[in-house]
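# Structural characterization, general
Here are the chains, one letter per residue:
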Amino acid sequence: FLSSASRRLGPPPEVVEVHSGRDVDIAGMVDAMARLRDGLRRELRAPVIVALENKPGQAVATVKDIIEAMDLMDGQDGLGIMLDVPNLWKAGRRQAGGVETLPTERLVGMHVHERHRAPPGGAVDWSAVRRLMCRRDELIVNPEVFHRGELERALYFIRQELLAQKPHKGAAVL
């Protein structure tokens, strides 16, 4: 399907995002991602990356699950993680703890939307997300937009809250 769509739409995708599903183990998911990557590269004749998105209630939902998936991807090119930031907090504040310490080698990008419902236990810790982003030179930041007219608001949030340098606590204002 993707190779057919790509031929009709133009250049092949750089990244194809997948979800783990519920009743799979993480090792099986990473193996399936490698097979998908190989098939896409063969069909599209392009260096496609397959990125796994975290989602509450699925096999890869928490920071711990993400690290396990990253460890299993070790030594394989073209596999990575597309971190869904609000989904991580929907899985629970404790499960999102330590997000800024995630290894960045396999981090392909992240979904960002500041208007997601507040997860149980409070809002997303965007300062932790900023610390994670500062550790990675190249990162896809995908603004999630659910309704017409929300793109500019989402882009403003990304530019002002995530990409703009924030003064450190106690820093002098010039």
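One structure accompanies this document, and this report is about it. (Residues numbered from 1 in each chain as written. Predicted model: local features only at pLDDT ≥ 70, side-chain atom pairs only at ≥ 80, totals over all residues. Heavy atoms only, no water.)

### A few points about the packing of helix α6 (residues 126-134) against helix α7 (residues 151-163)
Axis separation between α6 and α7 bottoms out at 9 Å; the angle between their running directions is 80 degrees. With respect to each other, α6 and α7 are oriented roughly perpendicular. Touching Trp126, Val129, Arg130 and Met133 of α6 are Phe157, Glu161, Leu162 and Leu163, all from α7. In the contact of α6 with α7, the residues fall into 6 nonpolar, no polar and 2 charged. (Axes fitted to C-alpha atoms, helices over the stretch in contact; angles between N-to-C directions. Helix = DSSP H or I, 4+ residues; strand = E, 2+ residues; numbered from the N terminus. Parallel < 35°, antiparallel > 145°, perpendicular 65-115°, else oblique. Contact = heavy atoms within 4.5 Å. Nonpolar A, V, L, I, M, F, W, Y, C, P; charged D, E, K, R; others polar.)

### What about the packing of helix α2 (residues 26-44) against helix α3 (residues 63-73)?
Where α2 contacts α3, the two axes come as close as 9 Å, and the packing angle between them is 50 degrees. Taken together, the axis directions place α2 and α3 in an arrangement best described as oblique. α3 is crossed by α2, and the crossing has right-handed handedness. Contacts between α2 and α3 pair Ile26, Ala27, Val30 and Met33 from the former with Asp65, Glu68, Ala69, Leu72 and Met73 from the latter. Of the residues that constitute the contact of α2 with α3, the class distribution is 7 nonpolar, no polar and 2 charged. (Left-handed = near helix turned anticlockwise from the far one by under 90°.)

### Brief notes about the pattern of salt bridges
Tallied over the full model, the rule gives 3 salt bridges. In this structure, Asp38 and Arg37 form a salt bridge, with 2.9 Å as the shortest nitrogen-oxygen distance. Here Asp77 and Arg41 are joined by a salt bridge, their closest N and O atoms 3.1 Å apart. With a gap of 36 residues between them, Asp77 in the loop between α3 and β3 (79-84) and Arg41 in helix α2 connect regions that are remote in the sequence. (Salt bridge = Lys/Arg side-chain N within 4 Å of Asp/Glu carboxyl O.)

### Considering the sheet that holds strand β4 (residues 107-112)
Two strands in a sheet stick together by hydrogen bonds in their backbones, pointing the same way (parallel) or opposite ways (antiparallel). Ordered by their spatial adjacency, 5 strands build an open sheet running β1-β2-β3-β4-β5, and the pairing between neighbours is parallel. If you trace the sheet from one side to the other, it starts and ends with β1 (15-19) and β5 (140-143), each paired once. Averaged over neighbouring strand pairs, the angle between their axes works out to 25 degrees when direction is ignored. Bridge count for β3 against β4 is 4 bridges, and the pairing is parallel. Bridging from a neighbouring strand, Leu83 pairs with Met110 of β4. Sheet contacts for α2: β1, β2 (49-53) and β3; angle to β2, the most-contacted strand, approximately 150 degrees. (Pairing = 2+ DSSP bridges.)

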